[in-house]
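What the coordinates show
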Amino acid sequence: MKYMVILYGNQELWDSVNPDEWQAAVAAQDAFNEKYFTTGELLGAYGIADPKVVRVRDGQKTVTDGPYLETKEYLASVAMLEVDSEERALEIAADNPFAAFRQVEVWPVLHGGEG
């Protein structure tokens with residue numbers, strides 16, 4: 001089964017971490033990624049930057065910055081797991097270094113668009 005692992009954050013949070021601690025957190029995340037890439041359970045892990053929004057109305061495309069949600073946190077990182085069970089997905093999510101101070105969501109993926 002596949003599971004998407006999601007982390008949320010905001011600039012205020014990132015700015016609150018001193019640079020040495022931030023470097024250590026990133027190194028710990030890199031080690032986590034390598035560990036689970038090696039087992040084959042982590043298919044991909046991606047930090048997310050500010051998005052663009054694309055709309056097509058009456059055949060005309062518009063692109064804007066955003067979305068600007070009424071929220072204090074935003075999508076910061078996604079990872080895709082392929083594991084034997086939900087229990088294993090939850091174990092891996094709990095092993096994520098950011099789970100020590102941030103909530104980590106685990107979403108079952110019902111189907112995909114792979115070729």
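Everything here concerns the structure above.
Residue positions within a chain follow its written sequence, with the count starting from 1. The predicted nature of this model means local features are confined to residues of pLDDT at least 70 and side-chain atom pairs, given and counted, to a pLDDT of 80 or more, with totals for whole chains, interfaces and linings taken over all residues. Think of the side-chain values as coming from all heavy atoms in the structure, minus any hydrogens and water.

1. Here we look at helix α2 (residues 19-39)
- The end-to-end C-alpha distance of α2 is 30 Å, a good match for the 30 Å that 21 residues give at a rise of 1.5 Å each.
- Here the term buried applies to any residue with accessible area under 20% of the maximum for its type, exposed to any over 50%, and partly exposed to those in between, with areas from a 1.4 Å probe on protein chains only. Numbered from the N terminus, helices here are DSSP runs of H or I no shorter than four residues, and strands are runs of E no shorter than two. Of all the positions in α2, only Ala-25, Gln-29, Phe-32, Asn-33 and Tyr-36 are classed as buried. For α2, the arc enclosing every buried residue in end-on projection is 100 degrees, short of the 170-degree limit, so these residues lie on one face. Exposed residues pointing more than 90 degrees away from the buried face of α2 are listed as Pro-19, Asp-20, Gln-23 and Thr-38. One less than the residue count of a helix, multiplied by 1.5 Å, gives the span that helix is expected to have. By construction, the arc corresponds to the directions joining the helix axis to the C-beta atoms.

2. Focus: the environment of Gly-47
- Topologically, Gly-47 is positioned in strand β2 (residues 42-47).
- Residue Gly-47 is classed as exposed on the basis of its relative accessible area of 67%.
- Taking the C-alpha atoms as reference, Gly-47 lies 8.9 Å from Leu-75; in sequence the two are 28 residues apart.
- Sequence-distant contacts of Gly-47, defined by excluding residues within four places in its chain, comprise Ala-76 and Ser-77. Here, residues are in contact when the closest pair of their heavy atoms is within 4.5 Å.

3. Digging into the sheet that holds strand β5 (residues 74-82)
- By this definition, two strands are paired if DSSP reports at least two bridges between them. Taken together, four strands build an open sheet; the order of strands is β2-β5-β1-β6 and the sheet is antiparallel. One side of each edge strand has no neighbouring strand; the edge strands of this open sheet are β2 and β6 (104-109). Between one strand and the next, the sheet's axes are offset by a mean angle of 20 degrees, whatever the strand orientation.
- Of the strand pairs in this sheet, strand β1 (residues 2-9) and β5 are connected by eight bridges, and their pairing is antiparallel. Throughout, an axis means a line fitted to C-alpha atoms (over the contacting stretch in the case of helices), and angles, computed between N-to-C directions, take values from 0 to 180 degrees.

4. Overview of the packing of aromatic side chains
- In this scheme Phe, Tyr and Trp rings, the latter by its six-membered ring, pair at centre separations within 6.5 Å, and the angle between planes marks the pair as stacked below 30 degrees, edge-to-face above 60, and tilted otherwise. Under the criterion given, the structure shown has four aromatic pairs.
- Relative to Trp-22, the ring of Trp-14 lies with its centre 5.5 Å away and its plane at 50 degrees, an arrangement referred to as tilted.
- Residue class for Trp-22 comes out partly exposed when judged on its relative accessible area of 31%.
- One aromatic cluster is present, built from ring pairs that chain together Trp-14, Trp-22, Phe-98 and Phe-101.

5. Overview of the nonpolar core
- Formed by Tyr-3, Val-5, Phe-32, Tyr-36, Leu-42, Ala-79, Leu-81, Val-83, Ala-89 and Ile-92, the largest nonpolar core amounts to 10 residues.
- Sorting the residues of this core by element identifies β1, α2, β5 and α3 (86-95) as the ones contributing at least two each. Here, nonpolar core refers to any group of buried Ala, Val, Leu, Ile, Met, Phe, Trp, Tyr and Cys residues whose side-chain atoms link them within 4.5 Å.

6. Some remarks on the pairing of strand β4 (residues 60-65)
- In this structure, strand β3 (residues 52-57) lies alongside β4, joined through six bridges in antiparallel fashion. If you follow Arg-57 over to β4, its bridge partner there is Gln-60.
- In textbook terms, the turn of a hairpin is the stretch between consecutive antiparallel strands, and for β3 and β4 this stretch comprises two residues, one of which, Asp-58, has a positive phi near 50 degrees.

7. Topic: the pattern of salt bridges
- Any carboxyl oxygen of Asp or Glu that lies within 4 Å of a side-chain nitrogen of Lys or Arg is treated as forming a salt bridge with it. The tally for this structure, following the rule as stated, stands at four salt bridges.
- Note that Lys-52 and Asp-65 form a salt bridge whose closest N and O atoms lie 2.4 Å from each other. Taken together, the residues span a long stretch of sequence, with Lys-52 in strand β3 and Asp-65 in strand β4 at a distance of 13 residues.
- With relative accessibility at 44%, the residue Asp-65 sits in the partly exposed group.
- Between Glu-91 and Arg-88 there is a salt bridge, with the nearest N and O atoms lying 3.1 Å from each other. Of this pair, Glu-91 and Arg-88 both sit in helix α3, three residues apart, roughly one helical turn.
- Residue classification places Glu-91 among the partly exposed residues on the basis of a relative accessible area of 38%.
- Through salt bridges that share partners, Glu-41, Arg-88 and Glu-91 make up one connected network.

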